[in-house]
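# Observations on the model geometry
What follows is the residue order along each chain.
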Amino acid sequence: MTDGPIAVPVREGPCAACGKPGPFCVCAAIDPVPVRTRVLILQHPQEKTEILGTATIAAAQIAGANVRAGLSWRNLAAALGREADARRWAVLYLGPAKAPEGLADAVVAVDKAGAALPDQGAALAGLEGLVLLDGTWSQAKTLWWRNPWLLKCRRIVLFPKARSRYGTLRREPRREGLSTIEAAAVALSRIEGDPTLEARIVKPFEALLRKVRAGR
Ligand SMILES: [Zn+2]
């Protein structure tokens, strides 16, 4: 198996909880991880049927997280289903960004030009929530442009040290090469200052990959 989406024979409908077809259900590995930061995943409608998609399992594994499938929402409150101030939320930014010199962290807050902000601590402090765009690179860009309220959010960019656990199973769907659940895990670990979060959050994704690699 090299590049490209994989074809998995699927005879059963999706599990109501994790969204995966019967044999690929990862509910046994779901153990919601409590976090302070609210997570909102905006999912491109075409990503919903992707066997290796991770938005639904991320929403199940991260306590308080939500996934919304669609193309555009009037504002953050409409997407979230409750009042919220976009300026207190961050979005995983897709535009051009440069890793700062001597980069020590995998999560960098950037300005509108994609340059690292001078005071990273202040930029990442007091965040109420985090928006992630779920889909391929071009689908995520579509979501970005169709939701101009995202411009009000603080922008963060990931420069992960490790490659995606996808390996060769899926073409890298995001610029930084991580699945949505991995991106959420890396971002939350750094924002909340808890390095154990990452491994705990990605557990059901690792279970999914084991099943897919075993062909069941
Ligand atoms: Zn399930």
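Residues numbered from 1 in each chain as written. Predicted model: local features only at pLDDT ≥ 70, side-chain atom pairs only at ≥ 80, totals over all residues. Heavy atoms only, no water.

### Observations concerning the coordination of the zinc ion
Put simply, the rule reads: Donor criterion used throughout: N, O or S atom within 2.8 Å of the metal, extended to 3.2 Å for Na, K and Ca. Water excluded; incomplete-looking sites may result. A four-donor site is classed as tetrahedral when every donor-metal-donor angle falls between 85 and 135 degrees; four donors are called square planar, and six octahedral, when trans pairs exceed 155 degrees and all remaining angles lie between 65 and 115, with any other arrangement labelled irregular. For each residue, the accessible area found with a 1.4 Å probe, counting protein chains only, is set against the maximum for its type, and the residue is called buried under 20%, exposed over 50%, and partly exposed in between.
For the zinc ion, the full set of protein donor atoms is Cys15 (SG), Cys18 (SG), Cys25 (SG) and Cys27 (SG), at a range of 2.3 to 2.4 Å. In this structure, the zinc ion is coordinated by 4 donor atoms arranged in tetrahedral fashion, with angles at the metal of 103 to 116°. Sequence positions of the residues that donate to the zinc ion give the spacing C-x2-C-x6-C-x1-C. For Cys25, a relative accessible area of 22% translates into the label partly exposed.

### A short note on the pairing of strand β5 (residues 129-134)
We count it as follows: Secondary structure follows DSSP: runs of H or I at least 4 residues long count as helices, runs of E at least 2 residues long count as strands, and numbering of each begins at the N terminus. One bridge is not enough; two strands pair if DSSP finds at least two bridges between them.
With 6 of its 6 residues buried, β5 lies for the most part within the structure. Going residue by residue along β5, you find Gly129, Val131 and Leu133 tucked away on one face and Leu130, Leu132 and Asp134 tucked away on the opposite face as well. Pairing geometry for strand β1 (residues 38-43) and β5, over 6 bridges, is parallel. Bridge pairing links Gln43 to Asp134 in β5. Pairing of strand β3 (residues 89-92) with β5 involves 3 bridges; the strand directions are parallel.

### Structural notes on the sheet that holds strand β4 (residues 107-110)
The criterion, for reference: Axis geometry follows a simple rule: fit a line to the C-alpha atoms, using only the stretch in contact for helices, then measure angles between N-to-C directions, giving values from 0 to 180 degrees. We call two residues in contact when some of their heavy atoms are within 4.5 Å.
Read from one edge to the other, the open sheet built from 6 strands follows the order β2-β1-β5-β3-β6-β4, with strand pairing classed as mixed. For this open sheet the edge positions go to β2 (66-69) and β4, each flanked by a neighbour on one side alone. For this sheet the average axis-to-axis angle between neighbouring strands, irrespective of direction, equals 30°. With 4 bridges joining them, β1 and β2 adopt parallel strand pairing. Bridge pairing links Leu42 to Arg68 in β2. Helix-sheet contacts for helix α4 (residues 137-146) involve β1, β3, β5 and β6 (154-158), and the interaxial angle to β5 is about 130°. Sheet strands touched by helix α5 (residues 180-191): β1, β3, β4, β5 and β6. Its angle to β5, the strand with the most contacts, is close to 160°.

### Notes on the environment of Ala29
Position of Ala29 among the secondary structure elements: in the segment before β1. Among the residues examined, Ala29 registers a relative accessible area of 23% and is labelled partly exposed. For the pair Ala29 and Ala207, spaced 178 residues apart in sequence, the C-alpha to C-alpha distance is 6.7 Å. What Ala29 contacts, discounting residues up to four positions off in sequence, is Gln61, Lys203, Pro204 and Ala207.

### Considering the pairing of β3
Along β3, one buried face is formed by Trp89 and Val91 and the opposite face, lined by Ala90 and Leu92, is buried too. Sheet topology places β3 next to β6; 3 bridges connect them, and they run parallel. Counted as the bridge partner of Ala90 is Arg154 from β6.

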